[in-house]
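Here is what each chain is made of, one letter per residue.
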Amino acid sequence: MLHRKPSATDHQKSEAYLIYTEWGPDRRIPRPDRLEALFPGADGATRAAWMADFDQVEREIWRFAESGGPRLHSFEDFKKRLRAAFPFMDDHALGRAWSLATYYTAHEGY
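Figured I'd write up the structure that's included with this text. (Residues numbered from 1 in each chain as written. Predicted model: local features only at pLDDT ≥ 70, side-chain atom pairs only at ≥ 80, totals over all residues. Heavy atoms only, no water.)

Further remarks concern the overall build of the chain. Across its full length, the chain carries six helices and zero strands. What you see in the chain, going N to C, is helices and strands ordered as α-α-α-α-α-α. Whereas a compact globule of 110 residues would reach a radius of gyration of roughly 13 Å, the chain reaches 14 Å, a difference of no more than 12%. For the chain, the C-alpha atoms occupy an extent of roughly 40 × 40 × 20 Å along the three principal directions. For the chain, buried positions account for 37% of its 110 residues. As displayed, the chain has an accessible area near 6,600 Å², and 57% of this comes from carbon and sulfur atoms. The positive charge centre, built from 16 side chains, and the negative charge centre, built from 17, are 3 Å apart in the chain. (Helix = DSSP H or I, 4+ residues; strand = E, 2+ residues; numbered from the N terminus. Rg over C-alpha atoms; globule rule 2.2 N^0.38 Å. Buried < 20%, exposed > 50% of the residue type's maximum accessible area, 1.4 Å probe, protein only. Areas by Shrake-Rupley, 256 points an atom, 1.4 Å probe, with all protein chains shown as cover. Lys, Arg positive; Asp, Glu negative; His and termini not counted. Charge placed at Lys NZ, Arg CZ, Asp CG, Glu CD.)

Below, the discussion takes up the packing of aromatic side chains. Across all of its chains, the model carries eleven aromatic pairs by this definition. Residues Phe-54 and Phe-88 carry aromatic rings whose centres are separated by 5.9 Å and whose planes lie at 45 degrees to one another, so their mutual orientation is tilted. Residue Phe-54 is found in helix 3 (residues 44-66), and its partner Phe-88 is found in the loop between helix 5 (75-85) and helix 6 (91-108); the two are separated by 34 residues along the sequence. We note that Phe-54, like Phe-88, is buried. Centroid distance Trp-62 to Tyr-104: 4.1 Å. Interplanar angle 5 degrees. Geometry classified as stacked. Of this pair, Trp-62 sits in helix 3 while Tyr-104 sits in helix 6, and the two are 42 residues apart along the sequence. Grouping aromatic residues by their ring pairs yields a cluster made of Tyr-17, Tyr-20, Phe-54 and Phe-88. A cation sits over an aromatic face here: Lys-13 above Phe-88, 4.5 Å from the ring centre. Seen from the ring of Trp-23, Arg-27 lies directly overhead, with NZ or CZ sitting 5.5 Å from the centre. (Phe/Tyr/Trp six-rings, centres within 6.5 Å; stacked < 30°, edge-to-face > 60°. Lys NZ or Arg CZ within 6 Å of the ring centre and 35° of its normal.)

Summed over the entire model, instances satisfying the criterion amount to six salt bridges. Across the pair Arg-81 and Glu-60 runs a salt bridge, and its minimum N-O distance is 2.4 Å. With a gap of 21 residues between them, Arg-81 in helix 5 and Glu-60 in helix 3 connect regions that are remote in the sequence. Residue classification places Glu-60 among the buried residues on the basis of a relative accessible area of 12%. Of the charged contacts in the structure, one is a salt bridge between Asp-91 and Arg-83, with a shortest N-O distance of 2.9 Å. One connected set of salt bridges, linked through shared partners, spans Glu-60, Arg-63 and Arg-81. (Salt bridge = Lys/Arg side-chain N within 4 Å of Asp/Glu carboxyl O.)

This brings us to the nonpolar core. Looking at soluble globular proteins, one finds that nonpolar side chains tend to be buried together. With 26 residues, the main nonpolar core has Tyr-17, Val-57, Ile-61, Phe-78, Leu-82 and Met-89 as its most contacted residues. Broken down by secondary-structure element, the contributors of at least two residues to this core are helix 1 (8-20), helix 3, helix 5 and helix 6. Leaving out residues up to four positions away in the same chain, Met-89 has contacts with Ser-14, Tyr-17, Val-57, Leu-82, Arg-83, Leu-94 and Ala-97. (Core = buried A, V, L, I, M, F, W, Y, C linked by side-chain atoms within 4.5 Å. Contact = heavy atoms within 4.5 Å.)

A separate point is the packing of helix 1 against helix 6. The N-to-C vectors of helix 1 and helix 6 enclose an angle of 30 degrees; their axes lie 9 Å apart at closest approach. Considered as vectors, helix 1 and helix 6 are oriented roughly parallel to each other. When the axes of helix 1 and helix 6 are compared, the crossing they make is left-handed. Where helix 1 approaches helix 6, its residues Ser-14, Tyr-17 and Leu-18 are matched on the opposing element by His-92, Ala-93, Arg-96, Ala-97 and Leu-100. (Axes fitted to C-alpha atoms, helices over the stretch in contact; angles between N-to-C directions. Parallel < 35°, antiparallel > 145°, perpendicular 65-115°, else oblique. Left-handed = near helix turned anticlockwise from the far one by under 90°.)

Read these as geometric descriptors, not functional statements.
Structure representation (structure tokens):
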């Protein structure tokens with residue numbers, strides 16, 4: 001299997017994903033506003049495209065959780081699945097996605 005080398009754009013998008021999915025007091029700030037404040041060099045169309053991709057990531061995380069999530073599948077399988085669909089995701093972004101999958105699986109009782 002060929003591995004693609006992450007680009008600077010991939011790194012920035014992974015960082016944006018971490019902001020998009022953050023918890024805590026900052027979550028009260030609308031996502032578009034947080035992304036604009038932290039990534040002022042990215043235009044509105046770019047940030048909107050990122051958020052559309054992140055919504056797709058979120059749907060994939062839910063599908064994974066509904067399939068039994070970490071209770072039935074390994075982190076390596078999860079990483080392969082998400083990297084195939086979302087090659088921009090770095091290890092930090094995948095770690096956040098895994099934690100969300102774990103939370104959704106436990107919270108919803110899958």
